[in-house]
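Residues per chain, in single letters:
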Amino acid sequence: MTWQTFLFIAVAAAAFGYSGYRFKILFNMMKMHQGKSSRLNLISERIMTAIVNVLGQKAVLKKKNAGIMHAIIFWGFIVITTGTLEQFATTLYAPANFEFIGQSAYKGLAFLQDFFTVAVLLAVFYACYRRFVVRPEGLGKSRDANIVLALTGSLMVSILLMNAFHILGLDPWYKHSLAFSNGIAQALSSLGLSPEAYTNLGTFFKWIHMGLVLGFAVYIPSSKHLHIVAAGPNTFLRTLPREKGMKPINFEDETVTQYGAAKITDLSWKDALDYYSCTECGRCQDLCPAHNTQKPLTPKMLILDLKENMYRNKEKLLAGKYEEISPIMDENVTEDVIWACTSCRACEIACPVFIEHTDKIYEIRRNLVMMESKFPAEVQSVFKNMETNASPWAFSAADRGNWAEGLAIKTMAEDANVDVLLWVGCAGSYDDRNKKVLKAFASLLKKAGVKFAILGTEEQCTGDPARRIGNEYLYQTLAKANIETLNRYAVKQIVTACPHCFNTIKNEYKDFGGQYEVHHHSQYIAKLIGEGKLKPTKGVDETVTFHDSCYLGRWNNVYDQPRDVIKSLPAVRLVEMKSNHDQSMCCGAGGGRMWMEETIGKRVNVARTEQALATKAGIIAASCPFCMTMMSDGVKTKDMQDKVRVMDIAELMDQATP
Amino acid sequence: MNIFVCIKQVPDTETKIKLNADATGIDSAGIKWIMSPFDEFAVEEGLRLKEKNAGSTVTVLSAGPARVVDTLRTALAMGADNGIHIELPENADNNMSAKALAGALKKEPQVDIVFMGKEAIDDGAAQVSQLTSEYMGIPCVTVALAVEYSATSVKCKREIEGGAFEMIEASLPALIAAQKGLNEPRYASLPNIMKAKKKEVKMLKAADVGVSDADQKIRYKGLQLPPPKPAGKKISGDPAAQAKELVRLLHEEAKVI
Ligand code: SF4
Ligand code: SF4
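## Section: the domain arrangement of chain A
Segmenting chain A into domains produces domain 1 (3–31 + 63–236), domain 2 (264–371), domain 3 (379–530) and domain 4 (543–656). Domain 1 of chain A and domain 3 of chain A are separated by 59 Å when their C-alpha centres are compared.

What follows is the structure in structure tokens.
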């Protein structure tokens, strides 16, 4: 044993010991969260998603340049770590090198290590260029990021110098595999030092390298670089499948006294793991319609603010002094922040480490609404209307079926022996523009010979607006009433033209005993076309652009069928907007925003309408009643209503189908 | 302070009113019942006053058939402490209701202030506040838009004709009838909704508060629904022709000019 061994043992034990202690604290903080989250279903899918997205870097690579940069650093990190481990091993016990893997394998490994050292160094240069020259808005300024880049760069330089000096001093047999280091060695040979001196310099840089690695280990727990530990598990534990429903609250359980999240610990351990995983890349923020229209919400800052709140309350949290923990709502997380979210889920789709922003916003809203009765004033009448008339708008429940008068549409009460139940929804029932959509869709169903019925006055609001706003209690009242009705008629198939009803009935009613096969009308029409039951023959000589509904696209992965319907129309040209499919921009109505005033910044619907108008399409096609309202308003705001029409895909299809 | 709020249960504003078989009242089948919106302002005002005066209680009262207890629970969920239900028949008129409310209030050991809405949105009579205060022998301020409280009196800002306002001072105990704008009624929080289920609602019979059939002063003999609105008429042509046609129609058909 040399003095180097002793020194290494001492330093490494101190570094890993301290780092381990800091990780233990992080773990304990996570454990002290009281909200529940169980995620151990679908194990094989989880393993797959971890392989594809962690090892394969799929989600990271969705953004090209930065993604490639990251993938190089990530793969480089894995390869180079083998070298670091060898350094540790040989420092502890000189003969413990990794040559036992065989000469050619060792040469290959050496080559890869050397190659990635240079590649990572280049990636670090690119990262610096991005951070200091390009400066994307979402990235922001970060001392932490600068430190991490400096450390990573220094690590690579120290490896290259270590290898180069060792080549000069020790002339290892595998030196030709270290192509870059060997080149540097050639350049450094002009120093003309003795072999001992070169070896000592090599050892010096080895110590620098090992020191930096140990320093990194100590630094990571307090840095955004924590993601290298947390993001893997976070990816494995992501919500699967993508079509997630909100977590139900059991109101029968009298031991529950807190609904939603007032304090950071009311959220779950998974939320804490989310904060640990955040890389501060800003991809979520780049796509956030609230942020992009000057609202104070940015999903990135929300995650960082919650993390900050947790750290601020660290001592109380670890001591279990829950009463003393300060509230989530503070000068950063304000009501304006929480109410700005349209629950469009662009943030979650963009996040390379599968952080779930909407879950947190929903829990915070639940506390505001149910515990504190705090919400935008205009929402009170929405709740009251839903309570008394089962519709967010002030219309009589007795008038719900009036839109269908004279159309010879039966109710389930009249004839329940049907292929499919047409779920009309509140907008389809009461909103004049959307009534026309329903009429067009009903006409299509008739043309295709589908036997369908509606619930008429027995239908109630699905409760979705209340749920997204945070009034779970009201939601459950309505949901349970609807499920009771649907089950009474033994309904199996449901079709609806509203993505919000679609999402709720399909993904959320099952938690309350409602299991149905639910179709969005875009899927249903596409199916009828596929079966040859609908044959659009009349040409629509127009350019059409399709606006994705968030609850159809990002929440339910339905992107193709509405486009297929449009493409089936003779003579139609489909053009895409700047943002489309999962990168699409919300119309501004989701998450209950439909019923709230929009007073801060630019209006989301206007921003989205501008994207639609930029395509020069004569028709903006929608597949959601709220999108219909928002886009129509946007077109009017831009004073383009004479040139551009907003139409539902069912209307387009009905026009084209004799 | 002992604060009292009288509330009335009325059909929801979106209700399609139907008459009962003998046209002496409305058919209550299928109606969604709510608290009269003006009474919500009264409850809110009572609660705010309570919050400013530690140790106060808010008691809500309602006179009517058994179903009005649901509306009392709504007020309890907003934060009222207890409720009193005075059982009256379905068709009780303003006088009977006022006498019953006053009778119940007079049974209380101490009444410092009484709130109610300026009118109920079903019959829109705006009688019960004044009648109740008469039966109790206390001052009454109606259409109150703002109230300043002191230990022995209240100063109320009230709306009068022509968009003007007046200030009225009344000694306590007094009855204040709330106008829209007095405050923003709160939405009941869930813990309060849960608690409301367990709060006490005292039951009183008409006889307990000195009310008999003879107090029913109004009896409806035959009600009629207003005739359905005829379809509108669209006048076309150029503006000059349109104006001419409009004048002709107003003069000859509608006979208003
Ligand atoms: S769901 Fe949409 S609006 Fe809400 S934070 Fe995410 S990106 Fe922004
Ligand atoms: S939440 Fe996800 S997308 Fe947003 S900054 Fe953090 S890692 Fe990036």
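After presenting the structure, the write-up continues.
## A word on the packing of aromatic side chains
Residue and element names in this part refer to chain A. Within this structure, the stated rule accounts for 27 aromatic pairs over all chains. On the numbers, 6.4 Å between centres and 75° between planes, the contact of Phe8 with Trp207 is edge-to-face. One end of the pair, Phe8, is in helix H1 (residues 3–31); the other, Trp207, is in helix H7 (residues 195–219), with 199 residues separating them in the sequence. Judged by its relative accessible area of 4%, Phe8 falls in the buried class. Their ring planes at 85° and their centres at 5.2 Å tell us that Trp595 and Phe626 sit as a pair that is edge-to-face. Taken together, the positions of Trp595 in the loop between strand E6 (573–575) and helix H24 (604–614) and Phe626 in helix H25 (residues 625–637) put the pair 31 residues apart, joining distant regions of the chain. Phe626 carries the same exposure label as Trp595, and that label is buried. Cluster of aromatic residues (ring-pair linked, three or more members): Phe8, Phe16, Phe88 and Trp207.

## Considering the site of ligand 1
Neighbouring residues of ligand 1: A:Cys288, A:Pro289, A:Leu297, A:Pro299, A:Cys341, A:Thr342, A:Ser343, A:Cys344, A:Arg345, A:Ala346, A:Cys347 and A:Thr358. Grouping the constituent residues of the shell around ligand 1 by class yields 8 nonpolar, 3 polar and 1 charged.

## Structural notes on the sheet that holds strand E3 (residues 493–496) of chain A
All names here are of chain A. The 4 strands are arranged E2-E1-E3-E4 in an open sheet whose pairing can be described as parallel. Of all strands in the sheet, those with a lone pairing partner are strand E2 (452–453) and strand E4 (517–520), marking the two edges. For strand E1 (residues 420–423) and E3, the ladder comprises 3 bridges, and the chain directions are parallel. If you follow Leu421 over to E3, its bridge partner there is Ile494. Across the face of the sheet, helix H21 (residues 499–508) comes into contact with E1, E3 and E4 while running at roughly 165° to E4. Lying on the sheet, helix H22 (residues 521–530) is in contact with E1, E3 and E4; it crosses E4 at an angle near 85°.

## Quick look at the nonpolar core
All names here are of chain A. Of all hydrophobic cores here, the largest spans 142 residues; its most connected members are Tyr276, Phe383, Leu486 and Ile494. Broken down by element, this core gets its largest block of residues, 11 residues, from helix H5 (residues 143–170). Sequence-distant contacts of Leu486, that is, excluding residues within four places in its chain, are made with Leu421, Trp423, Leu455, Val491, Ile494, Tyr509 and Tyr516. Counting 38 residues, the second largest nonpolar core, distinct from the first, contains Ala404, Phe441, Ala497 and Ala656.

## Here's the deal with unusual backbone geometry
Residue A:Pro241 is reached from A:Leu240 by a cis peptide bond, and omega for that bond is -10°. Looking at where A:Pro241 falls in the secondary structure, it is placed in the loop between helix H8 (227–236) and helix H9 (269–277). Cis geometry marks the peptide bond from B:Leu172 to B:Pro173; its omega dihedral reads -5°. Along the chain, B:Pro173 falls in the loop between strand E9 (164–171) and strand E10 (174–178). Residues other than glycine seldom take positive phi values, yet A:Arg345 does so here, at roughly 70°. Its location among the elements puts A:Arg345 in the loop between helix H13 (335–339) and helix H14 (346–350). Among the residues examined, A:Arg345 registers a relative accessible area of 5% and is labelled buried.

The rules behind the values
Residues numbered from 1 in each chain as written. Chains lettered and ligands numbered in written order. Predicted model: local features only at pLDDT ≥ 70, side-chain atom pairs only at ≥ 80, totals over all residues. Heavy atoms only, no water. Domains from an automatic or database assignment. Phe/Tyr/Trp six-rings, centres within 6.5 Å; stacked < 30°, edge-to-face > 60°. Helix = DSSP H or I, 4+ residues; strand = E, 2+ residues; numbered from the N terminus. Buried < 20%, exposed > 50% of the residue type's maximum accessible area, 1.4 Å probe, protein only. Near = heavy atom within 4 Å. Nonpolar A, V, L, I, M, F, W, Y, C, P; charged D, E, K, R; others polar. Pairing = 2+ DSSP bridges. Contact = heavy atoms within 4.5 Å. Axes fitted to C-alpha atoms, helices over the stretch in contact; angles between N-to-C directions. Core = buried A, V, L, I, M, F, W, Y, C linked by side-chain atoms within 4.5 Å.

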